[in-house]
Amino acid sequence: MMEPGAPVCDTCGEAVGLKPNGELFVACHECNFPMCRSCVEYEAKEGRKECLRCSSPYDEHLLDDDADQNPPGGSRSTMAAHLSDPQPQDVGIHARHVSTVSTIDSEMNDESGNPIWKNRVESWKDKKNNKKKKGAKNNKTEQAPAEIPPEQQMEDKQPGEALMQQPLSEIVPMSRNKLTPYRAVIIMRLVILGLFFHYRITNPVDSAFGLWLTSVICEIWFAFSWVLDQFPKWSPINRVTYLDTLSARFERPGEPCELAPVDFFVSTVDPLKEPPLITANTVLSILALDYPVEKVSCYVSDDGAAMLSFESLAETAEFARKWVPFCKKYSIEPRAPEFYFSQKIDYLKDKVQPSFVKERRAMKRDYEEYKIRVNAMVARAQKTPEEGWTMQDGTPWPGNNTRDHPGMIQVFLGNTGARDTDGNELPRLVYVSREKRPGYQHHKKAGAENALVRVSAVLTNAPYILNLDCDHYVNNSKAVREAMCFLMDPQVGRDVCYVQFPQRFDGIDKSDRYANRNVVFFDVNMKGLDGIQGPVYVGTGCVFNRQALYGYGPPSMPTLTKSSSSSSSCSWCGCCSCCCPTKKKKAELDATEVYKDAKREELNAAIFNLHEIDSESHSKTRMKSLLAAERSFEKTFGLSSVFIESTLMENGGVPESVNSSALIKEAIHVISCSYEEKTEWGKEIGWIYGSVTEDILTGFKMQCRGWRSIYCMPLRPAFKGSAPINLSDRLHQVLRWALGSVEIFLSRHCPLWYGFGGGRLKWLQRLAYINTIVYPFTSLPLIAYCLIPAICLLTGKFIIPTLSNLASVLFLGLFMSIILTAVLELRWSGVGIEDLWRNEQFWVIGGVSAHLFAVFQGFLKMLAGIDTNFTVTAKAAEDAEFGELYMVKWTTVLIPPTTLLIVNIVGVVAGFSDALNKGYEAWGPLFGKVFFAFWVILHLYPFLKGLMGRQNRTPTIVVLWSVLLASVFSLVWVKINPFVNKVDPMEIAGTCSSIDC
């Protein structure tokens, strides 16, 4: 353990140490560059006897232990004073993670004008090679002695070695009894589909050729869509984690905690649409995590620059001083107060401390008082003053103009003296609002997340990042530990770009009318993807490897040789293909593929330059290599030496001796609106721009580089959020997702053609990504197919000819294979049949409404540059439980499914009327037509229920069947005519014939 204020070596991060005479070891007396004796010795052995900062030669007697020569008194005392005096505490920024980065001054340059990070990287690489050489020597010495008896080996073996061999997680494959029949039915269904389409194509209906052709095209598309959705679920897996092993390995008693630090990102925009109390509960659940406080930093992005968000976060920080120790003392779950106090459970279960009841009551009272203060802020914020908002000191709020304001950073918790009520340190809490100016593209949520990546890299630089939406709180306090079981496992975590948790929701009605829980996707599809290359990124509840966000490839990918590196980026010669053989071969390929490969390898080429620095003997050659690397990094990451330096540290961290005010200044710089110009932000690194569903695009780019992801499903859900439960809001949510998929389809990142160069994306994984971008286009054949039954009933025609015995067997086999596939899928996934049925219903509802509008809106936006929006207007609401469920909001999206419902209901009535008029023979053909019409009506039934609202609590099914039965009964009544005297037709004919016309 290093003493506080002890000078730290700027190369290895260890204490500089003392000379044998007890004085502080000083390597360079010209610039006082902090460097330990071991590093200086290694530099001397390698022939470098000059200071890394100022290039002044070292003293000849520097490493002579017997010499008692002191440097000039003034220089030595100045250096000692400079290193011994602790840095002033400023705005709460303190570095907790010791790393090998250099001390950063205000200018970030040494006396010779060279950026310190370049010298830093050079010595870092030399130190790494030194460790390798020492390891090789140790291996040789270990092989020299004679063989040790096995008994003695077991006695000498340390307990820690056995612990290191224990896995932190394991894959639990699905039982063969469940998976083998499932796969067999899939193959059988494929064969039946082939025979079915052979019959359909070879047996056209001449009397209704247009309807027949339309139906066949629709069915072929549905089969293609099924293949895209089905085969990525070929090899589903489960995973299990061992939290006890994680704690035993990285939290040994009496030793510093070795768990990796984590930076949390919470993003919000408009506090009037995203209530501050919801965001506050998310923040409080993060601060109260079951994780070492010095390893947790929470960054809240206020992209609306609202003073309400700032003030509510200040109140939240104050309340956290009481809430965090209460949660940790009594192991509270969940640790979001709003949801903890609203639980309808026995809160005394498993609680044995006598003081718990008293403290819980006091804490609930404190929380209610805190809610009143926040609600008062919200009430005041409803009307903005004409002169704008003013802070407590009388100065105007910098974010009064939300589209033109400077960047703002405020540290609320951390090393500012603000401790909890028990005197313990609290996690860091930072408010961030990036700069916005007119004329700049800010890229909405993706741009805000990238700003947080840079700010966190400058201030804390944790190796892992967990992002949450403001309405998703931590439901399981051990969620981060669950993720660390994968990311910190040396066998598993090397190639993992992120660990995705399933989304779970509160406040949804029991029947889940509109499939808000999305259980089929999270419990079936995602498990299947986990058996291939990992789940897709869904935008929240995800723990990232920071290095993957920076565009680096996984460590297991083959390292670049000098020729391949230079050929991919041409950073050595600056040419395209004239001097690089590999480029000449690539020139024969498609131009877009060449561009894509060059961009992908450009960053690795810069890394290769750094790897080659230690092999260059001439200082000028080394400087050229460093300059090439510097230019490549600045082109990629932007003009920030501090941030570039942080990207090189795989294990994260910032120096302890850094000046916090300089870091704040640099953090403000990296969130400026012009910082991303002419860089790779949003193109190759960070959250990717170009789609409203930046989550799918970001995960796809990572997996194209060779990374894999992990799906973690702990027994207690890790995170919970809120979902729109009324029909209109749900459809608009689905519309936004589908629009993002269409945008990706029309962009250069389309999985149909992107990412083939390296061959790092597995084919089944590519099928899954293709499915995520083409599913909105299913709306076109789906609407046509839902109209066909009504047209058949109204015209008396049908899309299928008279069925033969073979055709009947094919149709029966197809329906049976569909049912068996669903049943066996439910068997291995554990999903309920009601969830599956709700998912099928909303697939039709969303397909004929939101997906259709997304296709047209996407084409207008991407091809014509026209951005359209659909207004939502609330018509009715009730203040009861799930009252929002019955709220009717009229919007354009509701028109297509409403039309389909009316047309099919009219078609059923017309079909029965026609059958009654034609007699008994017409009832047989009517059965098939009515079956398809009812298939449409049953799938749209939740939509009809939501459209009609509560209707004075009368069940919608009663209203629906009443209309149908009344119509049929009226037609039958007219046919029978019980109150009209029946006249014999022969008598009428005879009467008419006797008349002389």
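Residues numbered from 1 in each chain as written. Predicted model: local features only at pLDDT ≥ 70, side-chain atom pairs only at ≥ 80, totals over all residues. Heavy atoms only, no water.

As annotated in an unreviewed UniProt entry, the protein chain carries the name Cellulose synthase and is attributed to Linum tenue. On record in UniProt, under Pathway (unreviewed entry), the comment for the protein chain is "Glycan metabolism; plant cellulose biosynthesis." (UniProt positions renumbered as here; feature names shortened; annotations may be inferred.)

A. View of the pairing of strand S5 (residues 408-413). With 5 of its 6 residues buried, S5 lies for the most part within the structure. In the sheet, S5 pairs with strand S6 (residues 428-433) via 5 bridges, with the strands oriented antiparallel. If you follow leucine 413 over to S6, its bridge partner there is leucine 429. (Buried < 20%, exposed > 50% of the residue type's maximum accessible area, 1.4 Å probe, protein only. Helix = DSSP H or I, 4+ residues; strand = E, 2+ residues; numbered from the N terminus. Pairing = 2+ DSSP bridges.)

B. Focus on the packing of aromatic side chains. Scanning the model with the defined rule gives 48 aromatic pairs in all. Measuring from ring centre to ring centre gives 4.9 Å for tyrosine 537 and phenylalanine 544, while their planes differ by 80 degrees; the resulting arrangement is edge-to-face. Note on tyrosine 537: relative accessible area 1%, which makes it buried. Take phenylalanine 544: its relative accessible area is 0%, and that puts it in the buried class. Plain terms: the ring middles of phenylalanine 798 and phenylalanine 932 are 6.1 Å apart, the flat faces sit at 45 degrees to each other, and that makes the pair tilted. With a gap of 134 residues between them, phenylalanine 798 in the loop between helix H26 (779-795) and helix H27 (805-829) and phenylalanine 932 in helix H31 (residues 923-939) connect regions that are remote in the sequence. By relative accessible area, phenylalanine 932 is classed as buried at 18%. Every member of this aromatic cluster is reached through a ring pair, and the members are Phe319, Trp323, Phe326, Tyr330, Tyr340, Phe341, Phe356, Tyr367 and Tyr370. A cation sits over an aromatic face here: arginine 454 above tryptophan 681, 4.8 Å from the ring centre. (Phe/Tyr/Trp six-rings, centres within 6.5 Å; stacked < 30°, edge-to-face > 60°. Lys NZ or Arg CZ within 6 Å of the ring centre and 35° of its normal.)

C. Main features of the packing of helix H24 (residues 727-745) against helix H29 (residues 850-864). The contact between H24 and H29 brings their axes to 8 Å, and the two run at 45 degrees. What the angle tells us is that H24 and H29 run oblique. Judged by the sense of rotation from one axis to the other, the crossing of H24 with H29 is right-handed. Counting all contacts with H24, which are made through Leu731, Val734, Leu735, Ala738, Leu739, Val742 and Glu743, the residues of H29 involved are Ala850, His851, Phe853, Ala854, Val855, Gln857, Gly858, Phe859, Lys861 and Met862. (Axes fitted to C-alpha atoms, helices over the stretch in contact; angles between N-to-C directions. Parallel < 35°, antiparallel > 145°, perpendicular 65-115°, else oblique. Left-handed = near helix turned anticlockwise from the far one by under 90°. Contact = heavy atoms within 4.5 Å.)

D. Structural context of the packing of H26 against helix H30 (residues 895-918). Orientation of H26 relative to H30, taken along the N-to-C sense of each, is 25 degrees, at an axis distance of 7 Å. As summarised for this structure, H26 and H30 are arranged roughly parallel, according to the angle between their axes. Between H26 and H30 lies a crossing whose hand is left-handed. Of H30, the residues touching H26 (which contributes Ile783, Cys786, Leu787, Pro789, Ala790, Leu793 and Leu794) are Leu900, Val903, Asn904, Val906, Gly907, Val908, Ala910 and Gly911. Of the residues that constitute the contact of H26 with H30, the class distribution is 12 nonpolar, 3 polar and no charged. (Nonpolar A, V, L, I, M, F, W, Y, C, P; charged D, E, K, R; others polar.)

E. Here's a closer look at the sheet that holds strand S11 (residues 542-545). Across the sheet, which stays open at both edges, the 8 strands sit in the order S5-S6-S4-S3-S7-S11-S9-S12 with mixed pairing between neighbours. At either margin of the open sheet sits one strand with a lone partner, and together these are S5 and strand S12 (708-711). Neighbour-to-neighbour, the strand axes of the sheet open up by a mean angle of 20 degrees, direction not taken into account. Across 3 bridges, the pairing between strand S9 (residues 496-500) and S11 is antiparallel.

F. Examining the side chain of asparagine 545 more closely. Among the secondary structure elements, asparagine 545 is positioned in strand S11. Setting aside residues no more than four positions away along its own chain, asparagine 545 makes contact with Pro463, Tyr464, Val496, Cys497 and Trp707.

G. Just the nonpolar core, in detail. Ranked by size, the top nonpolar core spans 73 residues in total, and within it Leu731, Cys786, Phe842, Val848, Leu940 and Phe943 carry the most contacts. With 9 residues, the top contributor of residues to this core is helix H6 (residues 176-202). If near-sequence neighbours (up to four positions away) are discounted, leucine 940 is found in contact with Val844, Ile845, Val848, Pro897, Leu900 and Leu901. Core analysis: the next-biggest nonpolar cluster, separate from the first, contains 68 residues, Tyr340, Met363, Cys485 and Val496 among them. (Core = buried A, V, L, I, M, F, W, Y, C linked by side-chain atoms within 4.5 Å.)

H. Up close: the pattern of salt bridges. All chains considered together, the criterion is met by 28 salt bridges. One salt bridge in this structure joins aspartate 290 and arginine 481, with 3.8 Å as the shortest N-O distance. Note that aspartate 290 is positioned in the loop between helix H9 (276-287) and strand S4 (296-302) and arginine 481 in helix H14 (residues 479-487), a separation of 191 residues in sequence. Judged by its relative accessible area of 22%, aspartate 290 falls in the partly exposed class. The class of arginine 481 is buried, set by a relative accessible area of 8%. (Salt bridge = Lys/Arg side-chain N within 4 Å of Asp/Glu carboxyl O.)

I. Broad picture of helix H12 (residues 356-380). In a regular helix each residue adds 1.5 Å, so 25 residues correspond to 36 Å; H12 covers 36 Å between its end C-alpha atoms and thus fits that length. When H12 is considered as a whole, its buried residues turn out to be Phe356, Arg360, Met363, Asp366, Tyr367, Tyr370, Val374 and Met377. (Expected span 1.5 Å × (residues − 1).)

J. Region of interest: helix H23 (residues 694-704). Here H23 lies mainly inside the structure; 11 of its 11 residues are buried. Within H23 the residues assigned to the buried category are Glu694, Asp695, Ile696, Leu697, Thr698, Gly699, Phe700, Lys701, Met702, Gln703 and Cys704. Positive backbone phi, approximately 110 degrees, marks glycine 706, located one or two places after H23.

K. Quick look at the UniProt feature "binding site: UDP-alpha-D-glucose" (unreviewed entry) in the protein chain. The residues that UniProt annotates with the feature "binding site: UDP-alpha-D-glucose" (unreviewed entry) are Ser267, Lys273, Glu274, Asp303 and Lys444. From the list above, the largest cavity is lined by Glu274. Here lysine 273 lies in the loop between strand S3 (262-268) and H9. With respect to the helices and strands, lysine 444 occurs in helix H13 (residues 444-459). Among all residues touching lysine 444, those that are not within four sequence positions of it are Asp303 and Arg434. (1 Å grid on protein atoms, 1.4 Å probe; cavity = no way out; pocket = protein on both sides within 12 Å on 5 of 7 lines; lining within 4 Å.)

L. Representation of the environment of isoleucine 220. By secondary structure assignment, the location of isoleucine 220 is in helix H7 (residues 209-230). In this structure isoleucine 220 comes out as partly exposed when scored by relative accessible area, which is 41%. Sequence separation between isoleucine 220 and proline 781 is 561 residues; the distance between their C-alpha atoms is 9.7 Å.

M. A nonpolar patch on the surface, seen in detail. On the surface, a nonpolar cluster with roughly 330 Å² of combined accessible area is contributed by Ile187, Leu190, Val191 and Leu195. Position of leucine 190 among the secondary structure elements: in helix H6. (Patch = residues over 30% accessible without salt bridge, like charges linked within 9 Å, V, L, I, M, F, W, Y side chains within 5 Å. Areas by Shrake-Rupley, 256 points an atom, 1.4 Å probe, with all protein chains shown as cover.)

N. Representation of unusual backbone geometry. Each neighbour pair has its own omega, and for glutamate 333 with proline 334 the value is -10 degrees, a cis peptide bond. Its location among the elements puts proline 334 in the loop between helix H10 (307-330) and helix H11 (337-341). Notably, aspartate 512 is not glycine yet its phi reads approximately 50 degrees, a positive angle. Along the chain, the position of aspartate 512 falls in the loop between strand S10 (504-506) and helix H15 (519-530).

O. Up close: the UniProt feature "binding site: Mn(2+)" (unreviewed entry) in the protein chain. Under the present numbering, the feature "binding site: Mn(2+)" (unreviewed entry) in UniProt falls on Lys445 and Asp469. Taken together, the annotated residues stretch across 25 residues yet fold into one region, lying no more than 10.1 Å apart by C-alpha. Locating lysine 445 in the fold gives a position in helix H13. On the accessibility criterion, lysine 445 (25% relative accessible area) is partly exposed. Tracing the backbone through its elements, the reader meets aspartate 469 in strand S7 (residues 464-469). The class for aspartate 469 is partly exposed, based on a relative accessible area of 21%. When near neighbours in sequence (up to four residues on either side) are disregarded, aspartate 469 contacts Ser267, Thr282, Lys445, Gly539 and Thr540.

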